[in-house]
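A structural walkthrough
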2 protein chains.
Amino acid sequence: MHPTPLYRQLANHYLDAIRSGTLKTGERFPSIRLMMEKHAVSLSTAVQVCRELEDYGVLEARPRSGNYIRQPDTLPKPAVTTTPAPLDTEVYLGIHEQVSSVLKASQRATVKVNFASAYCAPELYPLKILQDHMSKALRQDQKLLGATGPTCGNIELRNILARRALTAKANLSAEKMVITNGATEAINLALRAVTHPGDTVAVESPTFYGLLQILESLNLRVLEVPATAHSGINLFALEQLLQGPDRIRALIVIPNLQNPLGSIMPDAHKARLVQLCAEHGTVLIEDDTYGDLVDTEQPLSTLKHWDRTDNVIYCASLNKTLAPGIRLGWISAGQWHDRVEMLKHTQSRGCEALSQLAVSAFMKTPSYERYLRRLRKTLTQQRQQMSAAITRYFPPGTRITHPRGGTLLWVELPAEQASMAFFHAALKVGIQILPGDIFSNAQRFSHFVRIGCGAPYSPKIDEALATLGQLLKNQS
Amino acid sequence: MHPTPLYRQLANHYLDAIRSGTLKTGERFPSIRLMMEKHAVSLSTAVQVCRELEDYGVLEARPRSGNYIRQPDTLPKPAVTTTPAPLDTEVYLGIHEQVSSVLKASQRATVKVNFASAYCAPELYPLKILQDHMSKALRQDQKLLGATGPTCGNIELRNILARRALTAKANLSAEKMVITNGATEAINLALRAVTHPGDTVAVESPTFYGLLQILESLNLRVLEVPATAHSGINLFALEQLLQGPDRIRALIVIPNLQNPLGSIMPDAHKARLVQLCAEHGTVLIEDDTYGDLVDTEQPLSTLKHWDRTDNVIYCASLNKTLAPGIRLGWISAGQWHDRVEMLKHTQSRGCEALSQLAVSAFMKTPSYERYLRRLRKTLTQQRQQMSAAITRYFPPGTRITHPRGGTLLWVELPAEQASMAFFHAALKVGIQILPGDIFSNAQRFSHFVRIGCGAPYSPKIDEALATLGQLLKNQS
């Protein structure tokens, strides 16, 4: 086991004091200098302690005054959503009506600039390389289509994925891995393996609307746990919920480059999260689809890396990093592997061979890592350019996340701006964005929008962002 | 509406008499000559009436004595299977343990001759043509992998499938069709759209073990309705069940070339089945995967063809007729289309494009129908050769079906032969068959085996069948 770092020990010490009422709401928190003296720690440790407590939502920095204890229950309350149960299968209810209506409105519109997608522009993907590998595989094996594949998928691909994960991320076994139709199917299988209809599953809030749709389609109750762009899920809020009366059967977390927040959980949080879930019998389902897009040379740890009790189900996908047209994800379900394999078999059988062969052929060459490095660099530049333009064009009071990778910006508009009206106004002029409303079942993000930075910056994009800014100014 | 044919009208007349007790069990049934006189009908009509009543299980032919009324409840009883509920997700239960153990035993063995598969031998499929179409599609669109496809699948393919269905089979709309990962996913979606866990779903008995696995994985109760190789599901038994206290939410039927029976439902039965289900509020799920393998120039009608109330969900697949390595099925769910589309979106998103493009390119040429005609002819020859060899080599008392198409023979061994022991003995000498036990949850077919005729007849196959015959003789 890793020893708990000093700053975490101190943060826990203060958290206990807040929980027990020793430190009260509104009370001034010891200054950095006082903490340094009192605990004989360095400046950086003292600062880390405050940062940690801020992440937990219990410390509030007041400019030119210092840090104050904040009432944890002034945090946004976790929201429980119950899908209409029993689901009336005679009538189409739609899952998360709002998502459907947003997606359908977008499909009907003539979109000139699409900021709604989480994908990169096609030209950033190694499409030609992958298509060439496909053609080669078709030439090499004239009977490629003559046989069904194994339920768990191509073993070479599973070996490559397991070997890559080893570098820093997690110890996944190729034998206990199942290749799926994207992360969507992986998360479906994880949920079907460990939950029953009616169970409660927690998610980060905001979270990827696709997860909310999956949960609703499986008749699961959703519990939304606040998360921040700085460090992801709020562990303090989560801990309170886990200690509450409702049994939380599973928790789905995107630890690296959360969608839409772009947050990256610090290692200490990851370790603590894994421990918390294990202690409370809550299965932790990790979606690592965006991990490879973190702009860093050293891959970040996954939740699975911190898993000592085989309580984390790891899911990921290649369609954001390699090609939108390739629907390959994978799941490593540990103790639930046999059940997941059975469910995959009865749900859709093994995936087709060709994509798996092409991806394997590319991923085993050094050009794959080179490609990823280049992609990350390109995306960083695109995010910076988009970010600067939004700052320039959007009204004062707009706040933007600065994620350390990926394609997504989470933009908080001035409070009076309704993102749904903004979405429709933008669509009318051919610009597609995603309103914050669909990232929660609880109408919490109705002045947020998600803006994708997948396309290289261009005058057309610049103009579209200027138009968006103008729309907002007109709207207010 | 089609008028009810004369023989059906007469059969109904006698069925009513049996139901009401006017004709009693053990009573002699009017002779063919008497019927001809009494009803002023032709010889062939009178014979058809008797045949029909035999199919219903209410008439028994005693050699050199005539036809006698048979007690319908001496029919094999429908069996209800309940999966352990609530399903213990902590432990891997396996769905239908027997299927898993049979499939796993086969995977571990060194198989020299495989009679377990329902597929044709690879050389019978147009693999090269399809692979060439794939290569061409990859060359033509350099950005093929650069975009995700629509949830419902490629619209050209859907149009082709709808147009083909029109010829005789069913009026399917391309707009209300979803391309799936094989029929497996199609049937999953159909069941998820219309049932809740715990609901009762009826199937034919015997039926394809894959359906039993799907039902178990969805926590559905299974009701097995007897079926015969001659005309499929026993409508008399079904009618009794539908009138019983249990609500049957859905019924899954393979009307053309049932797996494993090879039965083809007569049109009158199809019409009556559709009507029965509509009357009782039971959704009829049709699996038409094998329909194109019926050895006839004129395509047979589907259940959907007889559907007047939009109560039939049509599912099919191309992987038996075109290529095992292509996982493309489709579902036409009528009133439940929106819900099925939503479930497909949340379960696995739209299928990859390449297979759909290649299949479309092939299916729109006249060579597709030519290929199917040739395939059917080849399979008929293979079935006849296999059938003759089984008659030659297997012990007296063995009975074989004579399906009008497809790759499957359902072989009833002499009653004392245990098919599970036979399966293991055969596997030991490298020959794979499927024991009847796995085609029911109720141990009804433990002296049946399913033997696939997908491969061209050869001395190796002949020798393997001789070996099987010898094993049976040794075993008894």
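The structure presented is a predicted model; accordingly, all values stated were derived computationally and were not measured.

Cut-offs applied
Residues numbered from 1 in each chain as written. Chains lettered and ligands numbered in written order. Predicted model: local features only at pLDDT ≥ 70, side-chain atom pairs only at ≥ 80, totals over all residues. Heavy atoms only, no water. Helix = DSSP H or I, 4+ residues; strand = E, 2+ residues; numbered from the N terminus. Rg over C-alpha atoms; globule rule 2.2 N^0.38 Å. Buried < 20%, exposed > 50% of the residue type's maximum accessible area, 1.4 Å probe, protein only. Contact = heavy atoms within 4.5 Å. Areas by Shrake-Rupley, 256 points an atom, 1.4 Å probe, with all protein chains shown as cover. Lys, Arg positive; Asp, Glu negative; His and termini not counted. Charge placed at Lys NZ, Arg CZ, Asp CG, Glu CD. Least-squares fit on C-alpha atoms with pLDDT ≥ 70 in both. Buried area = accessible area lost by both parts, 1.4 Å probe. Salt bridge = Lys/Arg side-chain N within 4 Å of Asp/Glu carboxyl O. Polar contact = N/O pair within 3.5 Å; in protein donor to acceptor, adjacent residues only side chain to side chain. Axes fitted to C-alpha atoms, helices over the stretch in contact; angles between N-to-C directions. Parallel < 35°, antiparallel > 145°, perpendicular 65-115°, else oblique. Left-handed = near helix turned anticlockwise from the far one by under 90°. Nonpolar A, V, L, I, M, F, W, Y, C, P; charged D, E, K, R; others polar. Core = buried A, V, L, I, M, F, W, Y, C linked by side-chain atoms within 4.5 Å. Phe/Tyr/Trp six-rings, centres within 6.5 Å; stacked < 30°, edge-to-face > 60°. Lys NZ or Arg CZ within 6 Å of the ring centre and 35° of its normal. Domains from an automatic or database assignment. Pairing = 2+ DSSP bridges. Right-handed = clockwise from strand over helix to strand, strands pointing away. Patch = residues over 30% accessible without salt bridge, like charges linked within 9 Å, V, L, I, M, F, W, Y side chains within 5 Å. pLDDT = per-residue confidence, 0-100.

1. Details of the overall build of chain A
Of regular secondary structure, chain A possesses 15 helices and 17 strands. Over its C-alpha trace chain A gives a radius of gyration of 23 Å, about what one expects of a compact globule, namely 23 Å for 476 residues. For chain A, the spread of C-alpha atoms along the three principal axes comes to 75 × 55 × 50 Å. Counting every position in chain A, which comprises 476 residues, the buried fraction comes to 62%. A separation threshold of at least 6 residues defines the contact pool for chain A, and within that pool the share at least 24 residues apart is 74%. As displayed, chain A has an accessible area near 18,400 Å², and 52% of this comes from carbon and sulfur atoms. Chain A carries 51 positive and 42 negative side-chain charges, and their two centres are separated by 4 Å.

2. Considerations on the relation of the copies chain A and chain B
Under the fitted operation, chain A is carried onto chain B by 0.0 Å of movement along the axis and a turn of 180°, and the coordinates agree to an RMSD of 0.2 Å. When the rotation and shift are considered jointly, the pair of chain copies conforms to a two-fold rotation axis. It is S135 of chain A whose C-alpha, among those of chain A, lies nearest the rotation axis, at 2.8 Å. Comparing contact sets, 98% of the residues at the interface of chain A also lie at the interface in chain B, consistent with an isologous, same-surface contact.

3. Quick notes on the interface of chain A and chain B
Taken together, the contact pairs 61 residues of chain A with 61 residues of chain B. Buried surface at the junction of chain A and chain B, both sides included, amounts to about 5,500 Å², of which 55% is carbon and sulfur. Where chain A touches chain B, the interface holds zero salt bridges. Between chain A and chain B we count 22 residue pairs in polar contact (both at pLDDT 80 or more) in total.

4. Things to note about the packing of helix α7 (residues 182-194) of chain A against helix α11 (residues 337-347) of chain A
Residue and element names in this part refer to chain A. α11 packs onto α7 with a crossing angle of 120° between their chain directions and a minimal axis gap of 9 Å. Taken together, α7 and α11 sit at an angle that is classed as oblique. Crossing of α7 against α11: the hand is right-handed. On α11, the residues touching E185, N188, L189, R192 and A193 of α7 are R339, V340, L343, K344 and Q347. A breakdown of the residues in the contact of α7 with α11 according to their chemical character gives four nonpolar, two polar and four charged.

5. Here's the deal with the nonpolar core
F115 of chain A together with F115 and L468 of chain B are the most contacted members of the largest nonpolar core, which has 237 residues in total. Considering every element that reaches this core, the biggest residue donor is helix α13 (residues 367-393) of chain A, with nine residues. Apart from the residues within four sequence positions on either side, F115 of chain B is in contact with M386, I431, Q432, I433, R450, I451, G452, I461, A464, L465 and L468 of chain B. Among the nonpolar cores identified, the runner-up in size contains 42 residues, and C50, L59, L238 and L273 of chain B belong to it.

6. Some words on the packing of aromatic side chains
To describe a pair of aromatic rings, you give the distance between the ring centres and the angle between the ring planes. In total, this model carries 22 aromatic pairs over all chains according to the counting rule given. Note on Y368 of chain B and Y371 of chain B: the rings are 6.5 Å apart at their centroids and 35° apart in plane angle, and the pair reads as tilted. Residue Y368 of chain B and its partner Y371 of chain B are both found in helix α13 (residues 367-393); the two are separated by three residues, about one turn of the helix. The same class applies to Y368 of chain B and to Y371 of chain B, which are both buried. On the numbers, 5.8 Å between centres and 65° between planes, the contact of W410 of chain B with F445 of chain B is edge-to-face. One end of the pair, W410 of chain B, is in strand β14 (residues 408-412); the other, F445 of chain B, is in the loop between β16 (434-435) and β17 (448-452), and 35 residues separate them in sequence. The class for F445 of chain B is buried, based on a relative accessible area of 9%. Put simply, the rings of F208, Y209, W410, F439, F445 and F448 of chain A pair up and form one aromatic cluster. Its guanidinium or amino end placed over the ring of Y393 of chain A, R392 of chain A lies 5.1 Å from that ring's centre, counting from NZ or CZ.

7. A word on the domain arrangement of chain A
Domain boundaries assigned for chain A yield domain 1 (6-74), domain 2 (97-124 + 370-475) and domain 3 (127-367). One C-alpha centre belongs to domain 1 of chain A, the other to domain 2 of chain A, and the line joining them spans 35 Å.

8. Overview of the pairing of strand β9 (residues 248-253) of chain A
All names here are of chain A. Most of β9 is tucked away: six of the six residues are buried. Where strand β6 (residues 200-205) meets β9, four bridges bridge the pair, whose relative direction is parallel. Paired with V201 across the bridge in β9 is A250. Of the strand pairs in this sheet, β9 and strand β10 (residues 283-287) are connected by four bridges, and their pairing is parallel. The residue of β10 that forms the bridge with V253 is E286. In this region the chain leaves β9, passes through helix α10 (residues 267-279) and returns to the parallel neighbour β10; the handedness of that crossover is right-handed.

9. Some details on the sheet that holds β14 of chain B
Within a sheet, adjacent strands bond to each other through the backbone by hydrogen bonds, running parallel or antiparallel. All names here are of chain B. Strand order across the open sheet formed by four strands is β13-β14-β17-β16, with antiparallel pairing between neighbours. The strands lining the two open edges of the sheet, one partner per strand, are β13 (399-400) and β16. In terms of strand pairing, β16 meets β17 through two bridges, oriented antiparallel. Following the sheet pairing, P435 is matched in β17 by V449.

10. Some thoughts on a positive patch on the surface
A surface patch of like charges, here positive, comprises R370, R373, R374 and K377 of chain A. Topologically, R373 of chain A is positioned in helix α13.

11. Quick word on the pairing of β17 of chain B
All names here are of chain B. Of all five residues in β17, five are buried; the element is thus mostly enclosed. Judged by which residues are buried, β17 turns out to be covered on both faces: F448, R450 and G452 on one side and V449 and I451 on the other are all buried. Note: β14 against β17, five bridges, orientation antiparallel. Each residue of the ladder has a partner; that of W410, found in β17, is R450.

12. Focus: the pattern of salt bridges
All told, the structure shown has 28 salt bridges over all chains when counted by the stated rule. D267 of chain A is paired through a salt bridge with K270 of chain A; the nearest N and O atoms lie 4.0 Å apart. Linking D267 of chain A with K270 of chain A, this pair stays in helix α10, spanning three residues, or about one helical turn. The exposure class assigned to D267 of chain A is partly exposed, which follows from its relative accessible area of 39%. Across the pair E369 of chain B and R164 of chain B runs a salt bridge, and its minimum N-O distance is 2.9 Å. Of the two residues, E369 of chain B sits in helix α13 while R164 of chain B sits in helix α6 (residues 155-166), which places them 205 residues apart along the sequence. What you see here is one network of salt bridges that share partners, running through R164, D292 and E369 of chain A.

13. Details of the confidence of the model for chain A
Per-residue pLDDT for chain A has a mean of 90; in total, 93% of the residues score no lower than 70. Across residues 82-95 of chain A, confidence stays below pLDDT 50; counting only partners more than four residues off in sequence or on other chains, it has 30 contacts.

14. Notes on the sheet that holds strand β13 (residues 399-400) of chain A
Residues and elements named next belong to chain A. Across the sheet, four strands lie side by side as β13-β14-β17-β16; this open sheet has antiparallel pairing. On the outer flanks of this sheet lie β13 and β16 (434-435), each paired with one strand and no other. The sheet contact formed by β13 and strand β14 (residues 408-412) spans two bridges and is antiparallel. When the sheet's bridge partners are listed, I400 is paired in β14 with V411. Packing against the sheet, α13 makes contact with β13, β14 and β17 (448-452), and its axis sits at approximately 15° to β14.

15. As for the environment of P435 of chain B
All names here are of chain B. Structurally, P435 is set in strand β16. In this structure P435 comes out as buried when scored by relative accessible area, which is 0%. Discounting residues that sit within four places of it in the chain, P435 has contacts with V102, S419, M420, F423, F448 and V449.

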